[in-house]
Amino acid sequence: MNAIRLSPVIPATTLMGLVLSACATGEQPVRMGTASGDYVSPALATVTVGQKLNEGVSTLLACLVMAAIVGAVIWGLARYGKKELKLRLPVAVGVVVFVVLIAVAVSSAAYVSIDAGRVGVLVSQGRAVQTLEPGFHLITPYWQQVVMYSTRDWTFITMSNPIEQGSEDYRTYPLSIITEDGVSASVKFSMQGRLNPSMALYVYEHYGTLENAIVQLIKSPSLGIVRTRIQGFSAIDLVSNIDAVSEDVESQLRPIVEGGGITMVFFSFRKPDLGEWEDELNNARVAEQQAVVAEQQVAIAEADARRAAAEAEGNRQVTEINAKAQAAATLAQRRADADADLYAAQQDAEAARIAAGADAYAILARAKAEAEANALVADSLTPDLILYTLWGNWNGQLPVWMTGQAEPVISVPGPTP
């Protein structure tokens, strides 16, 4: 009997759970435009938050049905209990349940919280209205939705097995080409980018999802640009000039990517895969490298020879300069010695001249003194003094003056009268 009485409650509870689940607001991943065989990380998934208008109508009807079921359950329980129950009570309970369910559904769909690293686009019945920054935002329930995009950095890479290998966010197959010399090559490149938050509205209006924007802005244009850029390359030229090709492709691809709302952080090529011809290319490159090394060795030998010749010439010039410097120094020393000897001779001559002058002056002075003395003596000699001097010292002998007659002649002064 108890099981029979509780039987209406079971479907009612189940239906209520379904209604509440339908009323709850959640993130609905949207994947559009991704090519078959590509791998797209969940981090790049574009999600939509908020219920659509048709879902609001469905929720309204579900809440109405739920309220009617609750009223019917109450009415049925009263009848099973053989109790008299007026219709107003089940109706009132049903109305209350309906209002509560509508309030819960509306309140849960009236706000959205955007985490850091995301940006939202407010969509009002399919029309993009504005960009929403991270944070809490109120929206019109069942009339507006928020499409959220990741603004964090992601990687795009081409590789041979994108589904099973790698850890990059977006992986796709590489570009296959035939070089000018008939070699099958697989060209691989990688890129890092991020959504420009200020252009999220543009991305939604033109591409819908971030994955679709990557396909249309990076994957498709890059394959065409790369194919056009490397036309006419041989296998060796392709490997040798891959860096120049990378810079050229990046310069052409960047305006397309950034004009569509994606910021290009970097772009680079990896070494092309030449398959079976790789060994031949390696051998050719080894031979080319050996030839380059040989040329470098010849150039080094020539440089060494030139350096040795330059050193020898430098040594000769240094020796010559040293000899000239030594000769100049010797000549200067000799000139200095000659000047010193000349100066010494001049000093000796000057000293001799001074000495001779002094001697002459002394002789002149002595002669002058003697002359003056003689003059004084002469002045002092009188005839009487002379006679006195002569006869004052006479020894009594007369001088003998021999004449022809052999007779002494003498004149003896007599007394002065």
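Residues numbered from 1 in each chain as written. Predicted model: local features only at pLDDT ≥ 70, side-chain atom pairs only at ≥ 80, totals over all residues. Heavy atoms only, no water.

Enquirer: Give me the lowdown on the overall build of the protein, citing residues and values where you can.
Expert: The helix and strand tally for the protein stands at ten helices and 14 strands. Across the 417 residues in the protein, those meeting the buried criterion constitute 29%. Counting contacts in the protein only where the partners sit at least 6 residues apart, residues at least 24 apart contribute 69% of the total. Counting every atom, the protein has about 25800 Å² of accessible surface; 60% of that belongs to carbon and sulfur. (Helix = DSSP H or I, 4+ residues; strand = E, 2+ residues; numbered from the N terminus. Buried < 20%, exposed > 50% of the residue type's maximum accessible area, 1.4 Å probe, protein only. Contact = heavy atoms within 4.5 Å. Areas by Shrake-Rupley, 256 points an atom, 1.4 Å probe, with all protein chains shown as cover.)

Enquirer: Report on the pairing of strand S5 (residues 118–124), specifying residues and quantitative values.
Expert: For a regular strand, side-chain orientation follows a simple rule: the groups alternate between the two sheet faces. Counting buried positions over the seven residues of S5 gives six, a clear majority of the element. Inspection of the sheet shows S5 paired to strand S8 (residues 144–150) by seven bridges, in the antiparallel sense. From the neighbouring strand, Arg118 faces S8, where its bridge partner is Ser150. Where S5 lies against strand S6 (residues 127–132), five bridges are found, and the strand directions are antiparallel. Bridging from a neighbouring strand, Val121 pairs with Thr131 of S6. In this structure, the hairpin formed by S5 and S6 is closed by a connection of two residues, where Gln125 is found at a positive phi of approximately 50°. (Pairing = 2+ DSSP bridges.)

Enquirer: Tell me about the environment of Ala200, residues and numbers included.
Expert: Take Ala200: it is sitting in helix H5 (residues 200–206). Residue Ala200 is classed as buried on the basis of its relative accessible area of 0%. It is 9.7 Å that separates the C-alpha atoms of Ala200 and Gly260, two residues lying 60 residues apart in sequence. Other than its neighbours up to four places away in sequence, Ala200 contacts Val119, Val121, Thr131, Tyr149 and Leu195.

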